[in-house]
Amino acid sequence: MEEREELSWQEFGAASRELAQAVADDGFRPGVVLSIARGGLLLAGALGYALDVKSIVMMNVLYYTGVDERLEAPVVLRPTPDGADLAGARVLIADDVADTGATLRVVRDFCVAHASEVRIAVLYEKPQSVVPCEYVWRRTDRWINFPWSAEPPVTSAWRRGRGRSAPPPAPSHRVAVTPRAFASRAGFQRVVRAGPLVL
């Protein structure tokens with residue numbers, strides 16, 4: 001079995017604080033922290049508290065389906081942030097890892113179309129990432145075990161036909177997008193209404 005990075009809850013606390021300090025020391029004062037769900041949710045909250053940023057928004061992007069298994073392209077899930085909420089703002093994007101960078105590229109390009117300045121903070125950055133991140137806690141080329149995803153979901157019984165009566169409904173709408181789709185909120189809404197898009 002390949003060697004992996006292991007991040008504990010205690011290390012996560014220290015790492016998120018170090019990232020926040022790096023942002024502050026750099027003089028960047030974000031008005032918005034944008035979390036890439038699900039991996040960036042906890043980091044975004046920690047950065048929001050440490051940097052005293054109350055405006056935290058989320059963008060849910062599906063890309064990984066398993067260990068080193070991914071979709072052809074990142075898929076943005078609804079709801080999506082309103083570009084007007086980011087207009088003229090300094091945005092700090094938060095995610096757990098910059099692996100290929102494909103997810104970060106989609107989110108960054110969405111933000112760049114609306115915000116005045118966009119920077120990225122991640123716990124881990126891998127050498128193959130196509131998006132360089134301004135704030136990185138650690139660089140690695142290994143798979144990472146995060147404390148929030150190290151164990152299977154408690155709802156795994158649903159998949160085996162046990163547990164509660166029925167699993168929650170699947171997301172109703174998924175769409176793969178490219179950066180060009182984010183040129184405007186109206187353009188993005190057209191893509192969402194059009195359904196899945198293969199580019």
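Bear in mind the structure is a predicted one, so any value in this text is a computation, not a measurement.

**Student:** How should the environment of Leu77 be read in this particular structure?
**Tutor:** With respect to the helices and strands, the residue Leu77 is situated in strand E4 (residues 69–77). In this structure Leu77 comes out as buried when scored by relative accessible area, which is 9%. Expressed as a C-alpha distance, the spacing of Leu77 and Asn60, which sit 17 residues apart in the sequence, is 5.4 Å.

**Student:** How should I be thinking about the pairing of strand E5 (residues 90–98) in this particular structure?
**Tutor:** Taken across its nine residues, E5 has eight buried, putting it largely inside the fold. Two strands pair when backbone bridges link them, and E5 and strand E6 (residues 117–125) are joined in this way by eight bridges, in the parallel orientation. The residue of E6 that forms the bridge with Val91 is Val118. Where the polypeptide runs from E5 across helix H4 (residues 102–112) and back to E6, its parallel neighbour, the crossover connection is right-handed.

**Student:** Explanation requested: the packing of aromatic side chains in the structure shown.
**Tutor:** Any pair of aromatic rings gets described here by the distance separating the centres and the angle formed by the planes. What the rule picks out here adds up to six aromatic pairs. Centre to centre, the rings of Tyr124 and Trp137 are 5.7 Å apart; their planes meet at 85°, and the pair counts as edge-to-face. With a gap of 13 residues between them, Tyr124 in strand E6 and Trp137 in strand E7 (residues 135–139) connect regions that are remote in the sequence. A connected cluster of aromatic rings, assembled from ring pairs, spans Trp9, Phe12, Tyr124, Trp137, Phe146 and Trp148.

**Student:** Looking at this structure, how should I read a nonpolar patch on the surface?
**Tutor:** A surface patch of nonpolar side chains, amounting to about 370 Å² of accessible area, comprises Trp9, Leu41, Leu42 and Met58. Position of Leu41 relative to the elements: it lies in helix H2 (residues 41–51). Classification of Leu41 as partly exposed rests on a relative accessible area of 38%.

**Student:** I keep staring at the packing of helix H1 (residues 9–25) against H2 and nothing clicks. Help me out?
**Tutor:** H2 packs onto H1 with a crossing angle of 50° between their chain directions and a minimal axis gap of 9 Å. The angle between H1 and H2 places the two elements in the oblique class. You can see that H1 and H2 cross each other, and the crossing is right-handed. Listed contacts from H2 to Trp9, Phe12, Ser16, Arg17, Leu19, Ala20, Val23 and Ala24 of H1 are Leu42, Leu43, Ala46, Leu47, Ala50 and Leu51. Its residues assigned to classes, the contact of H1 with H2 comprises twelve nonpolar, one polar and one charged.

**Student:** What am I meant to see in unusual backbone geometry here?
**Tutor:** Residues other than glycine predominantly adopt negative phi, and peptide bonds predominantly adopt the trans conformation. Put simply, Ala37 and Arg38 share a cis peptide bond, and its omega is 10°. Residue placement: Arg38 occurs in the loop between strand E2 (32–37) and H2. Here the bond from Arg78 into Pro79 is cis, since omega is 0°, no more than 30 degrees from zero. As for its position among the elements, Pro79 is in the loop between E4 and helix H3 (83–86). The phi angle at Asp52 is positive, at roughly 60°, despite the residue not being glycine. As for its position among the elements, Asp52 is in the loop between H2 and strand E3 (56–66). Accessibility expressed as a relative area gives 59% for Asp52, which makes it exposed.

Cut-offs used in this document
- Residues numbered from 1 in each chain as written.
- Predicted model: local features only at pLDDT ≥ 70, side-chain atom pairs only at ≥ 80, totals over all residues.
- Heavy atoms only, no water.
- Helix = DSSP H or I, 4+ residues; strand = E, 2+ residues; numbered from the N terminus.
- Buried < 20%, exposed > 50% of the residue type's maximum accessible area, 1.4 Å probe, protein only.
- Pairing = 2+ DSSP bridges.
- Right-handed = clockwise from strand over helix to strand, strands pointing away.
- Phe/Tyr/Trp six-rings, centres within 6.5 Å; stacked < 30°, edge-to-face > 60°.
- Patch = residues over 30% accessible without salt bridge, like charges linked within 9 Å, V, L, I, M, F, W, Y side chains within 5 Å.
- Areas by Shrake-Rupley, 256 points an atom, 1.4 Å probe, with all protein chains shown as cover.
- Salt bridge = Lys/Arg side-chain N within 4 Å of Asp/Glu carboxyl O.
- Axes fitted to C-alpha atoms, helices over the stretch in contact; angles between N-to-C directions.
- Parallel < 35°, antiparallel > 145°, perpendicular 65-115°, else oblique.
- Left-handed = near helix turned anticlockwise from the far one by under 90°.
- Contact = heavy atoms within 4.5 Å.
- Nonpolar A, V, L, I, M, F, W, Y, C, P; charged D, E, K, R; others polar.

Taken by themselves, the reported measurements are silent on function.
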